[in-house]
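# A look at the structure
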Amino acid sequence: MKRNALLGAVVLLAVTSASEAAADGGPGPLGVTAVAAATAQSARVGALFTAADADAGKLAGEHFCTASVVRSPHHDLVVTAAHCLSGTGELVFAPGYRDGKAPYGIWRVERVFLPDGWAQGQDEDSDVAFAVLDGRGGAGVEDVVGGNRFATRTATGATAVTVTGYPDSLEVPVRCTNRPTAHNSTQQRIDCPDLTGGTSGSPWVNGDGEVVGVLGGHEQGGATADISYSVVLGSEAAELYRDAASDP
C-alpha cells in the first residue's frame, strides 16, 4: 500500500491557487499534484471508512482508501483497488469528502466483487474491485453525484489521465494529471508526486470521462509516493464489472 510522506503533505498545502485550478481542470501542467477543487467531477470520488468509525462520527483522519462512482444500471456502483476491500468489517463510502464532512452523504457498502485472481492469490494483476452501495429513498449514489464510464481495453498512454484521491494524511482530495506509460503488459504507471497512503483505489480518468485505471496493482500502487501503478484493465476487469453492474 502507498507509503505516507508527511513532507509531501506539507508541500501540497502550500501550492498556489493557480496551480490548483490547472491541475483540477485536467489539461494544465503535467505531473503536478495539488489539492483538487470541489467540482461536479471531484464529487464522484470519495473516501472509504470503516462503518464503525462513521457510526461513531469519527470521519476526520480515519479514511484509508479512495473509491469513485462508475455508471451502472442500478446507479449504485463504485470502483476501487481490490486490496482496499479484501479485509473484514463493514465499510462506507463518502463521495466528495472534505474536512471531516460528507456533503453527499455516507453510503454503506452492501456487497463486494473481487476478481478471482485477487481472491485466490492476491495477484497484483487483479488489483481492482467493485462495491455495491445501499440506496436512499429509491436513489443510488450515481443519482446524487453522477458517475464516470468504466472503460476496459484502452491503450495505455493514449491520452493523459487525471488521478484524484485522498492521502490519509490530508482531509481533502488531491489531483494530478499526466500521461501513463507501460510498466509491463499487465501494469501501467504514472509519474505524479505525493500520491501517498490512502490514494489506493483512486480513479485514472481520461478526457472523455472514462475510468481507464485504478491506483493499485504493482506494489499495491507503488512503494514510493512519486510513482503509482494500475492494472491494465482488460477482460478480467470487464467481466467483473458486468457481474457487479448486473447485481440486483
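Preceding this paragraph is the structure being described.
To keep things clear, this report deals only with the structure shown in the data block. (Residues numbered from 1 in each chain as written. Predicted model: local features only at pLDDT ≥ 70, side-chain atom pairs only at ≥ 80, totals over all residues. Heavy atoms only, no water.)

## Quick notes on the overall build of the chain
In plain terms, the rule: Secondary structure elements follow DSSP: runs of H or I of four or more residues count as helices, runs of E of two or more count as strands, with numbering from the N terminus. Note on exposure labels: buried denotes an accessible area under 20% of the residue type's maximum, exposed denotes more than 50%, and partly exposed covers the range between, all computed with a 1.4 Å probe on protein chains only. Residue contacts are counted whenever heavy atoms from the two residues lie within 4.5 Å of one another. Under the convention used here, a 1.4 Å probe and the Shrake-Rupley method define accessible areas, while residue burial counts only the protein chains that appear.
Each helix and strand in the chain was counted, giving seven helices and 15 strands. Split into buried and exposed, the 248 residues of the chain put 54% on the buried side. Considering only residue pairs separated by 6 or more positions, the chain has 71% of its internal contacts joining residues 24 or more positions apart. Carbon and sulfur atoms make up 51% of the accessible area of the chain, which totals about 9900 Å².

## A few points about the side chain of D76
Threshold: Residues scored as positive are Lys and Arg, those scored as negative are Asp and Glu, and His as well as the terminal groups of each chain are ignored. Salt bridge, as used here, is a side-chain nitrogen of Lys or Arg placed within 4 Å of a carboxyl oxygen of Asp or Glu.
One can find D76 in the loop between strand 3 (65-70) and strand 4 (77-80). Salt bridges are absent for the buried D76, whose nearest opposite-charge side chain, R111, sits at 5.3 Å. Not counting residues up to four positions away in its chain, the partners in contact with D76 are A131, V132, L133 and V141.

## Details of the nonpolar core
The line we're drawing: Put simply, a nonpolar core is a bunch of buried Ala, Val, Leu, Ile, Met, Phe, Trp, Tyr and Cys residues held in one set by side-chain atoms that sit within 4.5 Å of each other.
With 20 residues, the main nonpolar core has L48, V69, V78, L85, F93, L133 and V141 as its most contacted residues. Elements with a contribution of two residues or more to this core: strand 3, helix 4 (82-85), strand 5 (91-95), strand 6 (107-113), strand 7 (129-133) and helix 6 (141-145). When neighbours within four sequence positions are excluded, L85 is seen to be in contact with L48, T80, L91, V112, L114, A129, F130 and A131.

## Observations concerning the sheet that holds strand 9 (residues 161-165)
Under the convention used in this document: A pair of strands is labelled paired if DSSP reports no fewer than 2 bridges between them.
Strands sit in the order 1-10-9-13-14-8 across an open sheet of six strands; the sheet is mixed. Of all the strands in the sheet, the pair left with one neighbour each is strand 1 (33-35) and strand 8 (149-150).

## Here we look at a negative patch on the surface
Quick note on the threshold: For patch building, the residue pool is restricted to those with more than 30% relative accessible area and no salt bridge; the joining distance is 9 Å between like charges and 5 Å between nonpolar side chains (Val, Leu, Ile, Met, Phe, Trp, Tyr). The location of each charge is read from NZ of Lys, CZ of Arg, CG of Asp or CD of Glu.
On the surface, D116, D123, E124, E219, E236, E239 and D243 cluster together into a negatively charged patch. The dominant element in the negative patch, judged by the number of residues it contributes, is helix 7 (residues 235-245), at three residues. Topologically, D116 is positioned in helix 5 (residues 116-121). Residue class for D116 comes out exposed when judged on its relative accessible area of 53%.

## Things to note about the sheet that holds strand 4
Our working rule: Axis definition: a line fit to C-alpha positions, over the contact stretch in the case of helices; interaxial angles, taken between N-to-C directions, run 0 to 180 degrees.
Taken in spatial order, the six strands line up as 2-3-4-7-6-5 and close into a barrel, and their pairing is antiparallel. Direction aside, the axes of adjacent strands within the sheet are offset by 45 degrees on average. Taken together, the two bridges between strand 5 and strand 6 define a ladder with antiparallel strand orientation. In the sheet register, V92 faces strand 6, and the bridge partner there is R108. The strands touched by helix 7 within the sheet are strand 3, strand 4, strand 6 and strand 7, with strand 7 carrying the most contacts at an inclination of about 10 degrees.

## Describing the environment of G31
Position of G31 among the secondary structure elements: in the loop between helix 2 (17-25) and strand 1. Residue class for G31 comes out partly exposed when judged on its relative accessible area of 24%. In this structure the C-alpha to C-alpha distance between G31 and I190, which are 159 residues apart in sequence, comes to 8.6 Å. Beyond its immediate chain neighbours, meaning those up to four positions away, G31 contacts C176, T177, N178, D191 and P193.

## A short note on unusual backbone geometry
Look at R153: it is not a glycine, yet its phi comes out positive at around 60 degrees. Owing to a relative accessible area of 56%, R153 belongs among the exposed residues under this scheme. Residues other than glycine seldom take positive phi values, yet D194 does so here, at roughly 65 degrees. By the element assignment, D194 lies in the loop between strand 12 (187-191) and strand 13 (203-206). Note on D194: relative accessible area 15%, which makes it buried.

## What to know about the pattern of salt bridges
Tallied over the entire structure, the rule returns six salt bridges. The partner of R189 in a salt bridge is D191, and the shortest N-O contact between them spans 2.7 Å. One network of salt bridges, in which partners are shared, links D55, E90 and R108.

## Some words on the pairing of strand 5
Across the five residues of strand 5, five count as buried, placing the element largely inside the fold. Of the two faces of strand 5, the one carrying L91, F93 and P95 and the one carrying V92 and A94 are both buried. The sheet contact formed by strand 2 (residues 45-50) and strand 5 spans five bridges and is antiparallel. From the neighbouring strand, G46 faces strand 5, where its bridge partner is P95.

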